[in-house]
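Here is what each chain is made of, one letter per residue.
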Amino acid sequence: MIDLHDRLRANLDGVRSRIAEAARRAGREPGEVRLVAVTKKNPVERIRPLIEAGQLDLGENFPQELWRKAEELSGRPERIRWHLIGHLQTNKARRTAPLVRLIHSVDSLKLLRLLDDLAADLPEPPAVCLQANCSGEQAKHGWAPGALLEEAEAIASCSRIPIVGLMTMAGFGTTDEEARPAFALLRDLRERLRARTGMALPELSMGMSGDFEAAIEEGATLVRVGSALFEGLDSP
Ligand SMILES: *Cc1c(COP(=O)(O)O)cnc(C)c1O
């Protein structure tokens, strides 16, 4: 039986070198791209080896699962940086905001305004990315690109919560090459939102196990990788 630690370590090293190679191919510094290890559905026994290997950016989809794991891992000496990457219902925002470093998936003005209010009472409010639906799939959360631009002023007026960039998901089951137009669209959307608001928006959160290399070539600064890190293990 292969050792769990060895397997996770090898997978992590593999993903890290693929990130570095994709960055170099695009003429970028590997350090410009941050790996968020998506640990959803995996128990903390599988997360600890990643933390021990220095992987401190961890992403979860569901607020309750994030709360539980943050609690279970709270005794560790390392300072874990939690990322919420899935839909946040407004009634879970108050409890989630103090636990996370970055919320990738802010998908409405209502949620953004609520987080902006909550930020006023937090010593270290989380940063947020605005989720855009660049694939046109109905099932996906996020602003349609046109709607995001229409609400640009209202978005920019939320000045207490740091809005650091944009996030998107490519279509389900798409390959690297099929995903690329959605990534290019997000980058273009950032340019237009910058032009309208003057916000810097340094972060582009895009790319998952099946398409992170294309995302990096298109400018991703945050890649959200789950299944490639847990390859070779039984499904959780
Ligand atoms: C699950 C998930 C990921 C990671 O997907 P993998 O294909 O397992 O790498 C990234 N982003 C979001 C929003 C997810 O829900």
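Conventions we followed
- Counting from 1, residues in each chain are numbered in the order their sequence is written.
- With pLDDT at 70 or above as the cut-off, local features in this predicted model cover only qualifying residues; side-chain atom pairs require 80 or more to be listed or tallied, and sums for whole chains, interfaces and linings still use all residues.
- Heavy atoms throughout the structure, all of them, feed into the side-chain values; hydrogens and water do not.
- UniProt positions are given in the numbering used here, feature names are shortened, and annotations may be inferred rather than shown by experiment.
- Under the scheme used here, helices are H or I runs from DSSP no shorter than 4 residues and strands are E runs no shorter than 2 residues, and both carry numbers assigned from the N terminus.
- What makes two residues a contact is simply this: any of their non-hydrogen atoms within 4.5 Å.
- One heavy atom within 4 Å of a molecule or strand is enough for the residue carrying it to be called near that molecule or strand.
- Nitrogen and oxygen atoms within 3.5 Å of one another constitute a polar contact, given that in protein one can donate a hydrogen and the other can accept it, and given that sequence-neighbouring residues count only through two side-chain atoms.
- Where accessible areas are quoted, they stem from the Shrake-Rupley method and a 1.4 Å probe; at the residue level, only the protein chains shown are allowed to cover.
- Under this grouping Gly is polar, as are all residues other than the nonpolar Ala, Val, Leu, Ile, Met, Phe, Trp, Tyr, Cys and Pro and the charged Asp, Glu, Lys and Arg.
- When a carboxyl oxygen of Asp or Glu lies within 4 Å of a side-chain nitrogen of Lys or Arg, that pair is called a salt bridge.
- To sort residues, take the accessible area from a 1.4 Å probe on protein chains only and compare it with the maximum for the residue type: under 20% means buried, over 50% means exposed, and anything in between is partly exposed.
- One bridge is not enough; two strands pair if DSSP finds at least two bridges between them.
- For the handedness criterion, the strands are oriented away from the viewer, and a crossover whose path from the first strand over the helix to the second runs clockwise is classed as right-handed.

A. Just the UniProt feature "modified residue: N6-(pyridoxal phosphate)lysine" (unreviewed entry) in the protein, in detail. Per the UniProt record, "modified residue: N6-(pyridoxal phosphate)lysine" (unreviewed entry) is found at Lys40. Residue placement: Lys40 occurs in the loop between strand E1 (34-38) and helix H2 (44-52). Contacts of Lys40, omitting those with residues within four sequence positions, involve Gly59, Glu60, Asn61, Glu65 and Lys69.

B. Region of the structure containing the site of the ligand. Around the ligand, a shell composed of Val38, Lys40, Asn61, Ile85, Met169, Met208, Ser209, Arg224, Val225, Gly226 and Ser227 is seen. The backbone of Gly226 places a nitrogen or oxygen atom 2.7 Å from an oxygen atom of the ligand. For the ligand, whose accessible area on its own is 390 Å², the fraction buried by protein is 87%. Residues belonging to the shell around the ligand are distributed by class as follows: five nonpolar, four polar and two charged.

C. Fine view of the pattern of salt bridges. This model, assessed by the stated rule, comprises 21 salt bridges. The residue Arg34 makes a salt bridge to Glu203 at a minimum N-O spacing of 3.8 Å. Of this pair, Arg34 sits in strand E1 while Glu203 is found in strand E7 (residues 203-205), placing the two residues 169 residues apart along the sequence. What makes Arg34 partly exposed here is its relative accessible area of 30%. Between Arg187 and Glu218 there is a salt bridge whose closest N-O contact spans 2.9 Å. Here Arg187, found in helix H8 (residues 176-197), pairs with Glu218, found in the loop between helix H9 (212-217) and strand E8 (222-225); they are 31 residues apart in sequence, far enough to count as distant.

D. Inspection of the pairing of strand E5 (residues 127-131) at higher detail. Of all five residues making up E5, five are buried, and the element is well covered by its neighbours. Neither face of E5 is left uncovered, since the one carrying Ala127, Cys129 and Gln131 and the one carrying Val128 and Leu130 both have all their residues buried. Inspection of the sheet shows strand E4 (residues 102-106) paired to E5 by three bridges, in the parallel sense. Across the sheet, Leu102 pairs through a bridge with Ala127, a residue of E5. For the crossover from E4 across helix H5 (residues 109-119) to E5, the handedness is right-handed. By the bridge criterion, four bridges tie E5 to strand E6 (residues 163-167) in an arrangement that is parallel. From the neighbouring strand, Leu130 faces E6, where its bridge partner is Leu166.

E. Seen up close, the pairing of E6. When you tally the buried positions in E6, you get five out of five residues, the bulk of the element. Note on the crossover from E6 through H8 to E7: the handedness is right-handed.

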